[in-house]
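Below are the chains, spelled out letter by letter.
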Amino acid sequence: MAKELKHYIREQMKVAGVNQERLADLIDAQSATVSKLLSGRMRLSDIWMIKIADALNIEVVDLFRHPDRSKIDRMLDSLSDEKVSQVSKIIGTFLPPEK
């Protein structure tokens, strides 16, 4: 999970157009600290996750998943129930049949 978390944080940084130095500025930390957090040499505590999520303008939960999933959730939230049902059927055509 820790490996995925760090990967997803980097993906969220890409989407936000934020590099390591800029993230350090945004969370009021040194670049070396951000490097340690993202490499696993320093524990990514709840406080750090909150600061990073705030800096990237996302929810903390978004740090644990690919940015496209967050984007898809926001799109689905804006649709009517009927449209969500249609989208679900379309997505279902890409999935293997259920057993």
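Up top you'll find the structure we're talking about.
Quick caveat: nothing in here was measured; it's all calculated off a predicted structure. (Residues numbered from 1 in each chain as written. Predicted model: local features only at pLDDT ≥ 70, side-chain atom pairs only at ≥ 80, totals over all residues. Heavy atoms only, no water.)

1. Digging into the packing of aromatic side chains
Cut-off, in case you're wondering: When two rings of Phe, Tyr or Trp (its six-membered ring) have centres within 6.5 Å they constitute a pair, described as stacked for plane angles under 30 degrees, edge-to-face for angles over 60, and tilted for the intermediate range. Charge over a ring is defined by NZ of Lys or CZ of Arg lying within 6 Å of the ring centre and within 35 degrees of the ring normal.
Taken as a whole, this structure holds zero aromatic pairs when the rule is applied. One Lys or Arg, Lys 51, reaches over the ring of Trp 48 and ends 5.0 Å from the middle of that ring.

2. Structural notes on the environment of Ser 85
What counts is decided by this rule: Every helix listed is a DSSP run of H or I at least four residues long, and every strand listed is a run of E at least two residues long, numbered separately from the N terminus.
Locating Ser 85 in the fold gives a position in helix 6 (residues 81–92). For the pair formed by Ser 85 and Ile 47, sequence separation is 38 residues and the distance between their alpha carbons is 38 Å.

3. Here we look at the pattern of salt bridges
Where charged atoms of side chains with opposite charge meet at close range, the side chains can pair. The cut-off we apply is this: The working definition used for a salt bridge is a side-chain nitrogen of Lys or Arg within 4 Å of a carboxyl oxygen of Asp or Glu. Exposure categories follow from relative accessible area, calculated using a 1.4 Å probe and restricted to protein chains: below 20% of the type maximum is buried, above 50% is exposed, and the middle band is partly exposed.
Per the counting criterion, the structure on display carries three salt bridges. Between Arg 65 and Asp 62 there is a salt bridge; the shortest N-O distance is 2.9 Å. Accessibility expressed as a relative area gives 23% for Arg 65, which makes it partly exposed. Residue Asp 62 is classed as buried on the basis of its relative accessible area, which comes to 5%. Asp 73 serves as the salt-bridge partner of Arg 65, at 2.6 Å between the closest nitrogen and oxygen. You can call Asp 73 partly exposed: its relative accessible area is 31%. A single network of salt bridges, built from pairs that share partners, joins Asp 62, Arg 65 and Asp 73.

4. Let's talk about a nonpolar patch on the surface
Operational definition: Patches in this entry comprise residues that are over 30% relatively accessible and not in a salt bridge; like charges within 9 Å are linked, as are nonpolar side chains (Val, Leu, Ile, Met, Phe, Trp, Tyr) within 5 Å. Using a 1.4 Å probe, accessible areas were evaluated by the Shrake-Rupley method; residue-level cover was limited to the displayed protein chains.
Together, Ile 50, Val 60 and Phe 64 make up a nonpolar patch on the protein surface, roughly 220 Å² of accessible area in all. Looking at the element boundaries, Phe 64 is found in the loop between helix 4 (46–56) and helix 5 (67–77). For Phe 64, a relative accessible area of 32% puts it in the partly exposed group.

Interpretation note: all reported values are geometric properties and have no functional meaning in isolation.
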